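# Summary of structural features
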Amino acid sequence: MTLKPKRKILFSIAILLVVSFAIVWIVGCLLSSPVNQQIGESPSDIFAQTVQFQSSSGATIHGWFLQGKENAGAIILMHGVRANRLAMLDRARFLSRKGFSVLLFDFQAHGESIGENITFGYLESRDAQAAVNYTHLLLPKEKIGVIGVSMGGAAFLLANPNLQINAVVLEMVYPTIEQAVINRITSRLGNWSSIFTPLLTWQMKPRLGIDVKDLRPIDNVGSINIPKLFIVGEKDEHTTIEESNALFSAANEPKELWIVPNAKHVDFYPLVKEEYEQKVSSFFEKYLRENNN
């Protein structure tokens, strides 16, 4: 092969690398960009109060608060990535019917809570802390539970120090951000696309100021000693059943695991509504009602 063809090949490879990097950088930008939207007043059927409170993430957190029965417990709802409090409305409705007080809110960079970037649980963990502090302020005598869905669950587990609550439901929580990225890429493009994972995870430092080691809920779950109910999908491609089992195994007792048959990475509540209401309400009634320690 002459020098000229070699140069053409090298030039083509260089162009391919540059284009690939540019595409992955754009993907990273899209994944971490804020998803703000005007939410407005709460639906008339839930009789909610509009609230806001400050988070050390730098955001003013916007949400709704539903007053429940005295000594019945309070539950904080933490939504998933690129969603907002509207995704938790149906849960709020059923928990309110059961007598619980409920706080649902928008994480920073979501809904009406302004933020520069989505950080997949890192800054959101500070919002989770702020939500717990605010609930303690509103209801100092109530026991508190949390439902954290996907990123919301990661935010709960990543909070430092551990959040001072009494029970938690964790749905579809990723053990590590590296595996979460791999799963999402390969589920869409095939196993070969995992080669792009380092390019996506590398961006976190220059783009978000955080490292992949900062996004490992599995490293923290063992230090959380309150009752935990893990809800996972049997066919989840984003957080596989093997990863969910690993997260559950790393957790301390007391803990429970509910594997939803044939479920993927979806909202479990409408999928198995009756069973969800029964399991979740029974779990919180057991650990949040006044006559329980």
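In this report, the structure presented in the accompanying data block is examined. Everything quoted here is computed from the prediction, not taken from an experiment.

Another point: the packing of aromatic side chains. Remark: the centre distance and the inter-plane angle together describe each pair of aromatic rings, the angle taken between the planes. Per the stated rule, a full pass over the model turns up 11 aromatic pairs. Between Phe-53 and Tyr-134, the aromatic rings sit 4.8 Å apart at their centres with planes inclined by 20°, giving stacked as the arrangement. With a gap of 81 residues between them, Phe-53 in strand E2 (residues 49-54) and Tyr-134 in helix H3 (residues 124-138) connect regions that are remote in the sequence. Take Phe-53: its relative accessible area is 7%, and that puts it in the buried class. Among the residues examined, Tyr-134 registers a relative accessible area of 16% and is labelled buried. An aromatic cluster of at least three residues, connected via ring pairs, comprises Phe-53, Phe-105, Phe-107 and Tyr-134. In this arrangement the basic side chain of Arg-85 is found over the ring face of Trp-64, its NZ or CZ atom lying 4.6 Å from the centre. When the ring centre of Phe-248 is taken as origin, the NZ or CZ atom of Lys-255, which lies over that ring, is 4.5 Å away.

Next up on the list: the environment of Ala-130. By secondary structure assignment, the location of Ala-130 is in helix H3. In this structure Ala-130 comes out as buried when scored by relative accessible area, which is 8%. As a C-alpha pair, Ala-130 and Leu-163 span 33 residues in sequence and 9.7 Å in three-dimensional space. If we skip the residues at most four places from it in the chain, Ala-130 touches Phe-53, Gln-54 and Ser-55.

Conventions we followed
Residues numbered from 1 in each chain as written. Predicted model: local features only at pLDDT ≥ 70, side-chain atom pairs only at ≥ 80, totals over all residues. Heavy atoms only, no water. Phe/Tyr/Trp six-rings, centres within 6.5 Å; stacked < 30°, edge-to-face > 60°. Helix = DSSP H or I, 4+ residues; strand = E, 2+ residues; numbered from the N terminus. Buried < 20%, exposed > 50% of the residue type's maximum accessible area, 1.4 Å probe, protein only. Lys NZ or Arg CZ within 6 Å of the ring centre and 35° of its normal. Contact = heavy atoms within 4.5 Å.

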